[in-house]
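Given next are the chains, with one letter for each unit.
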Amino acid sequence: MNKFIPIFLLCASATTAEAQSKTYWQQQANVTIQATLNDHTHQLSAFETIQYTNHSPDTLRSLFFHVWMNAFKTDRSEYTRQAVENGDTKFYFSKKDEKGYIDSLSFIVDGAAATFEPYNNNPDIIEILLGNPILPGQTVTITTPFKVQLPRTFSRPGHEGQDYQVTQWFPKPAVYDFKGWHPMPYLDQGEFYSEFGNYDVTLTVPENYLVAATGNLQTATEQDWLNTRNMANIKGDTAFLNSLGKKKKIASSTQMKTLRFTEEKIHDFAWFASKRYVFAQDTVTLSDGKVVTARAYFFPESRAAWSKSVGFVKNATAYYSQRIGNYPYNNVSVIEGPLVAGAGMEYPTIAIIAPATTAAELKTPIIHEVGHNWFQGMLASNERDYGWMDEGVNSYYEKAYSKDRNNKAGLLDFLDESIITTQLLRRNQDQPIQLHSAWYDDLNYGLMLYSKAPEMLVYLEQYLGREKFDAAMQSYFNTWQFKHPQPEDIRRSFEQSTGEDLSWFFDEGLKTTDKIDFAISRGVKSNNQLKLTLKNKTGFSGPLMLATVSADTTLITKLPGFSGDTTVTIPVTAQTNKVVLNPGYAAPETNAANNTYRMHALFHRFSWRPRLIGGIGVKYNQPFYFMPTLGYNNYDGFMLGLGVHNLTIPSHNFQFLLAPMYGFNSKTFAGTGKITYSVYPKGAIEQIRFSLQGSKFSNYYNAELTPDPVVAGHYKINPGVMLAFKNKDARSKVENILQLKYYYINEETVSFSTDTTTKITTSKKGYNDNHYVTLSFYHYNDRTLNPFSYGANVVANEHFIKAGLEGNFKVNYQIRKKAFYGRIFAGKYWTLNQNAGNYDYSRTYLVSTATGENDYLYDSYFFGRNETEGLWAQQIVTKDGGFKMRSQLLSGRIGVSDNWMVTANVKTDLPFKIPVRLFADFGTFADAQQLNSNGSRMLFDAGFEIYFWDILNIYFPVLYSPEFKDYAQSVYGKNKFWQSVSFSLNLNNIKIPEISRKRADRFLVTD
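Treat the numbers as computed from the prediction; the structure is a model and nothing was measured. (Residues numbered from 1 in each chain as written. Predicted model: local features only at pLDDT ≥ 70, side-chain atom pairs only at ≥ 80, totals over all residues. Heavy atoms only, no water.)

Draft legend 1. Inspection of unusual backbone geometry at higher detail. The omega torsion of the bond from isoleucine 649 to proline 650 falls at 0 degrees, within 30 degrees of zero and hence cis. With a phi angle near 55 degrees, tyrosine 858 is a residue other than glycine that sits in the positive phi range. Relative to the elements of secondary structure, tyrosine 858 occurs in the loop between strand E46 (846–847) and strand E47 (875–876). Assessed through its relative accessible area of 4%, tyrosine 858 is described here as buried. (Helix = DSSP H or I, 4+ residues; strand = E, 2+ residues; numbered from the N terminus. Buried < 20%, exposed > 50% of the residue type's maximum accessible area, 1.4 Å probe, protein only.)

Have a look at this one:
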């Protein structure tokens, strides 16, 4: 039994459930509410009456009710848990007076008091225990008073100041259908499922509030007052509009008014109230002659952005009515308001839209939310279980509206979510379209329901044709309007209407993650015939369309699904430009670049086009891009070059970035590059990535000893393989990575000699070849609160073995974005070949503070890796001991061990809005008492840190061990405070715009 949606809670037998599925029925819940708003305490005092009719064949001995406002009562609710998992901690860290709840419930059922209790430890679900069971066909009257404390707006309902969004606010019966009861906790990610009924709601508010609500206003006297807020009447009254501005404090009227709203055949009621609202309205006439009033409510300061909003409402209402079925209600409205859970949220006849700055930003959310009056307003599917039936189908029509209206592409179209979806598909990180909403990870929830689902419907439409598709959808609408359709019901409507077996769509396309990738693998032209070899690279069984494109015509040929390879011969002419599989990227293919055969191109199946900077999209087959590259270090100076790469969104399995540069100080070429090839198997291993990285930079520059400057450097070749292991739970933030790398590093050495006669100094270069192997395993748990990681790393060559264990953790305070951070390190060093000649072991020893000279693998970027004085000498890296105090100028540095070392590094945020932390480091190592000049067993340093997005961190040590203190006094003297300052540059913390959330997918090139 699922913890969110119990499948069958009462004593109905399997036989009864089978009988229910054959004869459709649904419960009826007619609701009457009287509610009064206290805008000083943000509370509602209310009384509710429900006429509940049991149309089921079952006897009901209890009723399940949603009291969703209690989701905002505690940080132990399912809403809070999910929001925190998704990275939203605003409610979790909210103050007590910002929370909300519903209480003062006292249920009377047909005159008899009924007890209730929380269900399954959910504060926002209750089970009402009935003294007298409700028999099949019986109607009972349920009454209860209730009081609501409205929270601040953390999700959908709430208030911001005295602007109110009153949604999910009253006790509401859960749906009981042939599958049983559907009690569900309130969630951000996952919407609702409610019973139809007739609503009669009376609201009492201070007299100067404008109230917009579900249904029809029945209070005639309110219309005269509303005229004072109608933009048609006050458009030119700038003074009045300014008086309603956001920064104006408007006192609430001491007089109250009572407004009545009614509507039939709806399953929810929402209302919104503010002293600042104005509105615009117009009408739209439908094909059956019905005239619908369209309204848009907004704040005065938003009137420019909302200037076209009524037109959007009208056009969307007309479009959906024409394609699906006419809108049956008298009013359709949208309203501006604070909203955290998305850009818009639908309720019967009214939707709330998040603030926007331009009319263009409002167009899509308004069209989408108006469309929800069909899906899920009239076709009231179970949004929690089958989100695609409302969000997916509605998003198809929203996108079709834009395409049919020939809307110009904007930035949001350029960054279309289908690009991101393709990224997930290529990496096997997608989830099925037909899945319980709460089971998606936060990325898949949006992309599968709002992107892939509508793309699959476009696929279906292109296969069936618009006329047959619309006829099937209209049949579905006419059959299931004001009912609770299931997936099998929409399938039945489509298959009966079209006469097609659509298993490929409803079974394979919706219920699996089977990929789609059709390709043209070969073409042979003979006279006026083109014989194409087509390949199904994944085995997906769906059909496909073949478009023969000429300058002025496009001929579409429909082909049945096939496995493996097939051939097709089509007529072509001299005017035929190309042949395209699934034109317009109708099907969500993982690789649309192999779908085109170009008749007159040198390479018929490929399009290589070098471009500048970068690219986003799926149109081109392995494009490459040129871009200027810029770098700096203390030896090469400023570096400039022209890089080439194929890093795109969505990414290719094969990726490369080559960045050659010229150093203007060293007068030599430098640069870096990386090539990777990734495989995404199904099973326990999620990703296998093979990589080859290389770099060449200078790390020595001397212009004083010889007539010409002497420059020396290194180059590195670094192949490796990485394995990322898959989690069974897609929502898990856990990642396990195993990585093996080999390093070949060639380092130049410089020696000088001076001619005793001429006094001329000359230089001579030598070379050291170094080989290393590293093996590492890391476990990351990137959960929102208290994340942690741990891992082990071994580095070895013929001279030594160095092993390290490292753990990192973060403990969140009860203050948002403030935490305590900890790191623990334990290392062991073994010397293998003590007779290694001039091999410099000291660079590889365990160190308390790691600087450039300890980066013997050249994995970090240093401005001056071999400097011992000056600004660049103050750069460190968090490695080994993780200390902040340096001692490079000592011949025997402080805190160095060729045996073992154990350290701890801690830091804490401060309760201020400034980027400053306190830090402290502690540690000991083998023979510390003998090696430390003051005989200390422990080393420590402590101070404060200034951080810039944790990319650049500057450390100011204030307290430190006697050894560090003696060093600072003797070496730095009067400037000891400033010269003790260190900084780190953490390029790996740069948030590269990778679509995947996976750490293993980051593509970084560092030196």
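Okay, back to it.
Draft legend 2. Representation of the pattern of salt bridges. Applying the stated criterion across every chain yields a total of 38 salt bridges. Ionic pairing is found between lysine 468 and glutamate 500, a salt bridge with its closest N-O pair at 3.8 Å. In this pair, lysine 468 sits in helix H13 (residues 466–480) while glutamate 500 sits in the loop between helix H14 (487–498) and helix H15 (503–511), placing the two residues 32 residues apart along the sequence. Judged by relative accessible area, glutamate 500 falls into the partly exposed class, the value being 23%. The salt bridge involving arginine 917 is made with aspartate 950; its shortest N-O contact spans 3.0 Å. (Salt bridge = Lys/Arg side-chain N within 4 Å of Asp/Glu carboxyl O.)

Draft legend 3. Representation of helix H7 (residues 359–371) within the structure. Taking 1.5 Å per residue as the helical rise, H7 with its 13 residues ought to reach 18 Å, and the 18 Å between its terminal C-alpha atoms agrees with that figure. Burial in H7 covers these residues: Ala359, Leu362, Pro365, Ile366, Ile367, His368, Glu369, Val370 and Gly371. (Expected span 1.5 Å × (residues − 1).)

Draft legend 4. Focus on H14. Over its twelve residues, H14 runs 17 Å from end to end, which matches the ideal 16 Å to within 8%, given 1.5 Å per residue. Among the residues making up H14, those that are buried are Pro487, Asp489, Ile490, Ser493, Phe494 and Thr498. Just downstream of H14 lies glycine 499, where phi reads positive at about 70 degrees.

Draft legend 5. Layout of the pairing of strand E8 (residues 122–134). By the bridge criterion, six bridges tie strand E3 (residues 60–66) to E8 in an arrangement that is antiparallel. Looking at the pairing, serine 62 lines up with leucine 129 of E8. Pairing geometry for strand E7 (residues 115–119) and E8, over five bridges, is antiparallel. Across the sheet, threonine 115 pairs through a bridge with leucine 129, a residue of E8. Taking the residues that link successive antiparallel strands as the turn, the E7-E8 hairpin has two residues, and the phi of asparagine 120 there is positive, at about 55 degrees. (Pairing = 2+ DSSP bridges.)

Draft legend 6. View of the sheet that holds E8. Ordered by their spatial adjacency, four strands build an open sheet running E7-E8-E3-E12, and the pairing between neighbours is antiparallel. Either end of the sheet is taken by a strand with one partner, and the two such strands are E7 and strand E12 (172–173).

Draft legend 7. Quick peek at a nonpolar patch on the surface. A grouping of Phe654, Leu658, Ile675, Tyr677, Val679, Phe690, Leu692, Tyr715 and Ile717 is seen on the molecular surface, where their side chains present a nonpolar patch of about 720 Å² in accessible area. Of all the secondary-structure elements, those providing two or more residues to the nonpolar patch are strand E37 (654–663), strand E38 (668–679), strand E39 (685–702) and strand E40 (710–725). At three residues, the largest contribution of residues to the nonpolar patch is made by E38. Mapping tyrosine 677 onto the fold places it in strand E38. (Patch = residues over 30% accessible without salt bridge, like charges linked within 9 Å, V, L, I, M, F, W, Y side chains within 5 Å. Areas by Shrake-Rupley, 256 points an atom, 1.4 Å probe, with all protein chains shown as cover.)

Draft legend 8. Region of the structure containing the side chain of glutamate 747. In this fold, glutamate 747 is placed in strand E41 (residues 734–754). Given the relative accessible area of 9%, glutamate 747 is considered buried. In this structure glutamate 747 touches Gly713, His714, Gly766, Tyr767, Asn768, Asn770, Arg843 and Tyr858, once residues within four positions along its chain are discounted. (Contact = heavy atoms within 4.5 Å.)

Draft legend 9. A look at the sheet that holds strand E19 (residues 271–274). Ordered in space as E10-E11-E19-E16, the four strands form an open sheet in which the pairing is antiparallel. Edge positions in the open sheet fall to strand E10 (158–160) and strand E16 (210–213), since each of these has one partner strand only. Direction aside, neighbouring strands of the sheet carry axes that sit 10 degrees apart on average. As judged from the three bridges shared by strand E11 (residues 163–166) and E19, these two strands associate in the antiparallel manner. Within E19, the position partnered with glutamine 165 by the bridge is phenylalanine 272. (Axes fitted to C-alpha atoms, helices over the stretch in contact; angles between N-to-C directions.)

Draft legend 10. The side chain of lysine 172, seen in detail. Mapped onto the elements of the fold, lysine 172 is located in strand E12. Within polar-contact distance, the side chain of lysine 172 engages the side chain of aspartate 268 at 2.9 Å. (Polar contact = N/O pair within 3.5 Å; in protein donor to acceptor, adjacent residues only side chain to side chain.)

Draft legend 11. Highlighting the nonpolar core. One finds Tyr52, Trp169, Trp271 and Trp388 to be the most contacted residues of the largest nonpolar core, which totals 176 residues. Element by element, the count of residues in this core is highest for helix H12 (residues 442–464), at eleven residues. Tryptophan 388 has contacts with Val393, Ile433, Gln434, Leu449, Ala453, Pro487, Ile490, Phe506 and Leu510, leaving out every residue within four places of it along the chain. Formed by 26 residues, the second largest nonpolar core is a distinct cluster that contains Val795, Tyr829, Tyr845 and Leu939. (Core = buried A, V, L, I, M, F, W, Y, C linked by side-chain atoms within 4.5 Å.)

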